[in-house]
Amino acid sequence: MTDRLTVTLDGADCAARLDGTGITRRQQFLYARLLLVHRCPGSGKGEFVVRYDVFAETAALGAEHTNVVDYELGGAGGSDVFDTGHRELRVGRSAAGAADSGHLPPSTGRFVSLGLEHILFGVDHVLFLVLLLLGARGRRSVVRLATSFTLAHSVTLALAVLGWVEVPAKIVEPLIALSIVYVAVENIVRGETRHRTLVVFGFGLLHGLGFAGALSFTGHFSGRLLLSLLSFNLGIELGQLAIVLVVFPLVLLARRYSWATVVQAAAAAVVGFIGLVWFLERVLAPAGAA
């Protein structure tokens, strides 16, 4: 660990020592907890450079590992994201100059990217949106449903990330799978109903808790934390908008043909079956399984 997580101050190495280890539980999962202490020469003022290579690119987790970090260095604090494309954090004189210029911190773009990636690669969220688009009656319906979903998941995402609401993943994930099954069955049996906006809002609350699984902070509420949260949520909204702009025009095009109703019902049935399989897998998964 002392070789893979390094800190320098104005180019001088900060001596590292592993000061403690332990086990911590979060969302019913067990994690290793390691306390590293870095002692830096000088007054503690200057440019800090944190290099994060905990998981190498050749390691099993290297390509997928992402770490959201809170930091307080030399009187400057904030949040950032370490992943395969960003392994270095600079805080201090050079970073302060950028901050004083009135521009958003570089980490803002990384949180947007993290949110975008989370929804586009979160297949359950994507399939839920596709089902909503398959059952939508028209453009106004899409706007109404998308708005309801956005408001709902934004609320629970914020509450969960800030630590004000905590629901175990073993409850949230199966219910997200069930939301897919419900909307699929509704699409097949009776299509969009007048109550769907409220139903989508309720399911959006669940999906927001699912989004929060990719983001957590240990620091106190602050403007910097709020900016990071808003940036992450913006990424989710951009991904959601991209899905709508790609899928719904195809749905409208398909509806011009007589076979559209049969194909949409078949697609909803397939997606619903996938959701049912996910539900059973998540309910029957052994406790603590990732």
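Everything discussed here concerns the structure shown above.
Residues numbered from 1 in each chain as written. Predicted model: local features only at pLDDT ≥ 70, side-chain atom pairs only at ≥ 80, totals over all residues. Heavy atoms only, no water.

Caption draft 1: Structural context of unusual backbone geometry. Its identity as a non-glycine residue notwithstanding, Asp10 has a phi of 50 degrees, on the positive side. Mapped onto the fold, Asp10 is located in the loop between β1 (5–9) and β2 (12–13). (Helix = DSSP H or I, 4+ residues; strand = E, 2+ residues; numbered from the N terminus.)

Caption draft 2: Inspection of the environment of Leu73 at higher detail. Along the chain, Leu73 turns up in strand β6 (residues 67–73). Once the C-alpha coordinates of Leu73 and Gly46 are considered, the two residues, 27 residues apart in sequence, prove to be 9.4 Å apart. Leaving out residues up to four positions away in the same chain, Leu73 has contacts with Phe48, Val50 and Val91. (Contact = heavy atoms within 4.5 Å.)

Caption draft 3: Up close: helix α3 (residues 123–135). Here α3 is 13 residues long and its end C-alpha atoms lie 18 Å apart, about the 18 Å a rise of 1.5 Å per residue gives. With 12 of 13 residues buried, α3 is to be regarded as a mostly interior element. Three or more residues of α3 are buried, namely Asp124, His125, Val126, Leu127, Phe128, Leu129, Val130, Leu131, Leu132, Leu133, Leu134 and Gly135. (Expected span 1.5 Å × (residues − 1). Buried < 20%, exposed > 50% of the residue type's maximum accessible area, 1.4 Å probe, protein only.)

Caption draft 4: Molecular detail of the state of the cysteines. One pass over the structure, following the stated rule, counts one disulfide. Here Cys14 is linked by a disulfide to Cys40, with a sulfur-sulfur distance of 2.0 Å. Judged by the sign of its S-S torsion, about 110 degrees, the cystine formed by Cys14 and Cys40 is right-handed. Pair noted here: Cys14 is in the loop between β2 and β3 (15–26) and Cys40 is in the loop between β4 (29–39) and β5 (48–52), with a separation of 26 residues, a long-range link. (Disulfide = S-S within 2.5 Å.)

Caption draft 5: Spotlight on helix α6 (residues 196–212). When the terminal C-alpha atoms of α6 are compared, their 24 Å separation across 17 residues agrees well with the 24 Å that a helix rising 1.5 Å per residue should span. All of the buried residues along α6 are Arg196, Val200, Phe203, Gly204, Leu206, His207, Gly208, Leu209, Gly210, Phe211 and Ala212.

Caption draft 6: Molecular detail of the packing of helix α2 (residues 107–120) against α3. Where α2 meets α3, the axes come as close as 6 Å, and the angle between the chain directions of the two elements is 70 degrees. In this view, α2 runs roughly perpendicular relative to α3, as classed from their interaxial angle. For the pair α2 and α3, the contacting residues are His118, Ile119 and Leu120 in the first and His125, Val126 and Leu129 in the second. Split into classes, the residues belonging to the contact of α2 with α3 amount to four nonpolar, two polar and no charged. (Axes fitted to C-alpha atoms, helices over the stretch in contact; angles between N-to-C directions. Parallel < 35°, antiparallel > 145°, perpendicular 65-115°, else oblique. Nonpolar A, V, L, I, M, F, W, Y, C, P; charged D, E, K, R; others polar.)

The quantities given are spatial measurements derived from coordinates; they are silent on function.
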